[in-house]
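Listed below, chain by chain, are the residues.
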Amino acid sequence: MAVQLSGGSLPKEKVQEGYDRYSSFFERGPNGNEMDSSDKVPALVDTFYDLVTDIYEWGWGQSFHFSPRIPGKSNRDATRIHEEMAVNLLNVEPGARVLDVGCGVGGPMRAIAAHSGANVVGITINEYQVERARAHNKKAGLDSMCEVVCGNFLKMPFDDNSFEGAYSIEATCHAPKLEEVYGEIFRVLKPGSFYVSYEWVTTELYNSDDPEHVEIVRGIERGDALPGLRSYKDIAKIATKVGFEVIKESNLAKPPAEPWWTRLKMGRIAYWRNHVVVTILSWLGIAPKGVVDVHGMLLVTADYLAKGGDTGIFTPMHMILCRKPE
Ligand SMILES: C=C(CC[C@@H](C)[C@H]1CC[C@H]2C3=CC[C@H]4[C@H](C)[C@@H](O)CC[C@]4(C)[C@H]3CC[C@]12C)C(C)C
Ligand SMILES: C[S@@+](CC[C@H](N)C(=O)[O-])C[C@H]1O[C@@H](n2cnc3c(N)ncnc32)[C@H](O)[C@@H]1O
């Protein structure tokens, strides 16, 4: 896969420019972060996924999220179990129409359709991911159950009351205002149906007066296209504000769950080897110029994410289960 690394929908010669534009967003504006101007966020997130999608697939697989480590099980199995848990909570029948909010290249969608028998419709803002997800769905023989739509989850191209369930896995953290995406999910769900989300948040251990904590959070935001990490305290409040009834909320990273960040730490040597491979491929003109910078940014963010896990100030799996009242 390394020789096929691309810049997603960006032409090869525009990858460096795309990276420079992305990184300059984090150098301006209040708090040194131009992501504060929320109307620019979806386009920037789109560029981010043009830059990282091939690298993610190469080094992580088709599911772009974390999961607690399960002793004796492979990363692939632990990932699938985390995905299946989401659809189990939705309590949907085979054949139900379920929405995947921010579907990436569709790893979760395929696992969920195969496990539950639901028909899944995924939405992503990134055209290149749509192309990849459709190709993977076809290859897995799941294209009759899995549909992929390119669009903005802040303004979804779906009718009111048209889904029997919805989930989002580590995706709504890209929304500048969580109420906008939650409001849209509420609108498209049928009354009585459930929505589950795995949210990226700071935990009760985060102290905004501690410079080390602030640095870790900034590092995570910068390397993961986040307009600003939310506190775990905000999630249920926002869900309630848009009309949901909150059924359950918990940080799935808490013990007895095993650390989700072990996989990142164990991969360090392989990631540095990847950096050498990317540098050589780019130097030979096989990988686009700019990919080395993108890969370097991911190396740095991997360390910040692991520090977020070690200190316990951050979790990528704050689970919230909500219901749209009858
Ligand atoms: C939910 C989001 C993405 C979460 C993770 C899937 C990704 C976060 C950081 C990514 C990675 C970091 C290091 C890369 C490594 C340097 C490279 O050689 C191979 C790919 C990585 C392991 C890459 C894989 C995906 C992540 C773990 C965010 C964006 C909201
Ligand atoms: C980290 S990926 C997670 C993908 C998928 N849930 C998974 O676990 O594999 C985040 C996803 O959210 C999507 N996304 C972010 N902002 C979006 C927006 N405004 N509208 C639609 N999709 C968006 C990205 O395109 C990407 O597919």
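- With an unreviewed UniProt entry as reference, the protein is termed Methyltransferase, source organism Solanum tuberosum.
- Its UniProt record gives the protein a comment under Pathway (unreviewed entry), which states: "Steroid biosynthesis; sterol biosynthesis."

**What about the overall build of the protein?**
- Scanning the protein from N- to C-terminus turns up eleven helices and eight strands.
- Taken over C-alpha atoms, the radius of gyration comes to 19 Å for the protein, in line with the 20 Å a tight globule of 326 residues would show.
- Based on the C-alpha atoms only, the size of the protein along its principal axes is roughly 60 × 50 × 45 Å.
- Long-range contacts, defined as pairs at least 24 residues apart, comprise 79% of the intrachain contacts of the protein with a sequence gap of at least 6.
- Looking at the protein as shown, the accessible area adds up to about 14,200 Å², and 53% of this sits on carbon and sulfur atoms.
- Taking the average place of the 35 positive charges on the side chains of the protein and the average place of its 43 negative ones, the gap between the two points comes to 3 Å.

**Some words on the layout of surface pockets**
- In this structure, the largest pocket encloses a volume near 480 Å³.
- Lining the largest pocket are 20 residues, and of these Gln62, Ser63, Arg76, Glu83 and Gly107 sit closest to its centre.
- Elements that contribute at least two residues to the lining of the largest pocket include exactly α3 (75-90), α4 (107-116) and α5 (127-139).
- Its residues placed into classes, the lining of the largest pocket shows five nonpolar, eight polar and seven charged.

**Some thoughts on the state of the cysteines**
- According to the stated counting rule, one finds zero disulfides in the structure shown.
- Left unpaired, Cys146 is separated from the closest cysteine sulfur, that of Cys103, by 9.6 Å.
- On the basis of relative accessibility, which here comes to 5%, the residue Cys146 falls in the buried class.

**Some remarks on the packing of aromatic side chains**
- Enumeration according to the criterion identifies 15 aromatic pairs in this entry.
- Between Tyr195 and Phe244, the ring centres sit 5.7 Å apart and the planes meet at 25 degrees, which makes this aromatic pair stacked. In this pair, Tyr195 sits in strand β5 (residues 189-202) while Phe244 sits in the loop between α8 (232-241) and β7 (245-251), placing the two residues 49 residues apart along the sequence.
- Assessed through its relative accessible area of 0%, Tyr195 is described here as buried.
- The buried category is assigned to Phe244, whose relative accessible area is 4%.
- Here the aromatic cluster, defined as three or more aromatic residues joined through ring pairs, consists of Tyr22, Phe26, Phe48, Tyr49, Tyr56 and Phe64.
- Just above the ring of Trp60 sits the side chain of Arg263; from NZ or CZ to the centre is 3.6 Å.
- Geometry around Phe186 places Lys324 over its ring, the cationic atom sitting 4.8 Å from the centre.

**Concerning α8**
- When we look at burial in α8, the residues that qualify are Ile235, Ala236, Ile238 and Ala239. With its buried residues spanning 160 degrees around the axis, α8 presents them on a single face. Structural note: α8 exposes Lys233, Lys237 and Lys241 on the side pointing more than 90 degrees away from its buried face.
- Where α8 is buried, its residues contact α6 (178-188), β5, β6 (230-231), β7 and β8 (314-323).

**Overview of the site of ligand 2**
- In the region of ligand 2, 19 residues are neighbours, and Phe64, Gly102, Thr124, Gln129 and Phe153 sit closest.
- Within the backbone of Phe64, a nitrogen or oxygen atom sits 2.7 Å from an oxygen atom of ligand 2.
- In this structure, an oxygen atom belonging to ligand 2 sits 2.9 Å away from a main-chain N or O atom of Gly104.
- Starting from 590 Å² of accessible surface for ligand 2 in isolation, the protein chains cover 97%.
- Comparing atom positions with the cavity grids shows ligand 2 to sit within the largest cavity.
- In terms of residue class, the shell around ligand 2 is made up of nine nonpolar, nine polar and one charged.

Reading the values: the criteria
- Residues numbered from 1 in each chain as written.
- Chains lettered and ligands numbered in written order.
- Predicted model: local features only at pLDDT ≥ 70, side-chain atom pairs only at ≥ 80, totals over all residues.
- Heavy atoms only, no water.
- UniProt positions renumbered as here; feature names shortened; annotations may be inferred.
- Helix = DSSP H or I, 4+ residues; strand = E, 2+ residues; numbered from the N terminus.
- Rg over C-alpha atoms; globule rule 2.2 N^0.38 Å.
- Contact = heavy atoms within 4.5 Å.
- Areas by Shrake-Rupley, 256 points an atom, 1.4 Å probe, with all protein chains shown as cover.
- Lys, Arg positive; Asp, Glu negative; His and termini not counted.
- Charge placed at Lys NZ, Arg CZ, Asp CG, Glu CD.
- 1 Å grid on protein atoms, 1.4 Å probe; cavity = no way out; pocket = protein on both sides within 12 Å on 5 of 7 lines; lining within 4 Å.
- Points joined across faces, edges and corners; volume = space filled by probe spheres on them.
- Nonpolar A, V, L, I, M, F, W, Y, C, P; charged D, E, K, R; others polar.
- Disulfide = S-S within 2.5 Å.
- Buried < 20%, exposed > 50% of the residue type's maximum accessible area, 1.4 Å probe, protein only.
- Phe/Tyr/Trp six-rings, centres within 6.5 Å; stacked < 30°, edge-to-face > 60°.
- Lys NZ or Arg CZ within 6 Å of the ring centre and 35° of its normal.
- Arc of directions from axis to C-beta.
- Near = heavy atom within 4 Å.
- Polar contact = N/O pair within 3.5 Å; in protein donor to acceptor, adjacent residues only side chain to side chain.
- Sits in = over half its atoms within 2 Å of the grid points.

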